[in-house]
Amino acid sequence: MTTASMGLHNRKQPHVMCRRCGKESYLKRKHYCSHCGYGKTAKIKAYSWNNKTVNGKRKDN
Ligand SMILES: [Zn+2]
């Protein structure tokens, strides 16, 4: 028995592509997106320190 291949057993990604922000941040198990908050809130999650473009719109404040 070797542990050589056991290192490959945790490669499954918990996140899938979010249908709102397009990022791979949608948590399959919890059913919400950690990037934009899809599934959790109707509004797109935005922070002042995160002023990147979401859905082609620039989020202010
Ligand atoms: Zn998202």
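To be clear, the structure that these remarks concern was listed above.
Report on the accompanying structure. (Residues numbered from 1 in each chain as written. Predicted model: local features only at pLDDT ≥ 70, side-chain atom pairs only at ≥ 80, totals over all residues.)

## Quick word on the overall build of the chain
In step 1: Summing up its helical and strand segments, the chain has zero helices and five strands in all.
In step 2: Along the chain, from the amino end to the carboxyl end, the secondary structure elements read β-β-β-β-β.
In step 3: In the chain, which comprises 61 residues, the proportion classed as buried is 13%.
In step 4: Across the chain, the fraction of contacts at a sequence separation of at least 24, relative to all contacts at a separation of at least 6, is 4%. (Helix = DSSP H or I, 4+ residues; strand = E, 2+ residues; numbered from the N terminus. Buried ≥ 20, exposed ≤ 12 C-beta atoms within 10 Å, placed from the backbone. Contact = placed C-beta atoms within 7 Å.)

## Some details on the sheet that holds strand β2 (residues 26–27)
In step 1: Taken in spatial order, the three strands line up as β1-β2-β3 in an open sheet, and their pairing is antiparallel. The open sheet has two edge strands, β1 (15–16) and β3 (32–33), and neither has a second partner.
In step 2: Where β1 lies against β2, two bridges are found, and the strand directions are antiparallel. Bridge pairing in β2 links H15 to L27. (Pairing = 2+ DSSP bridges.)

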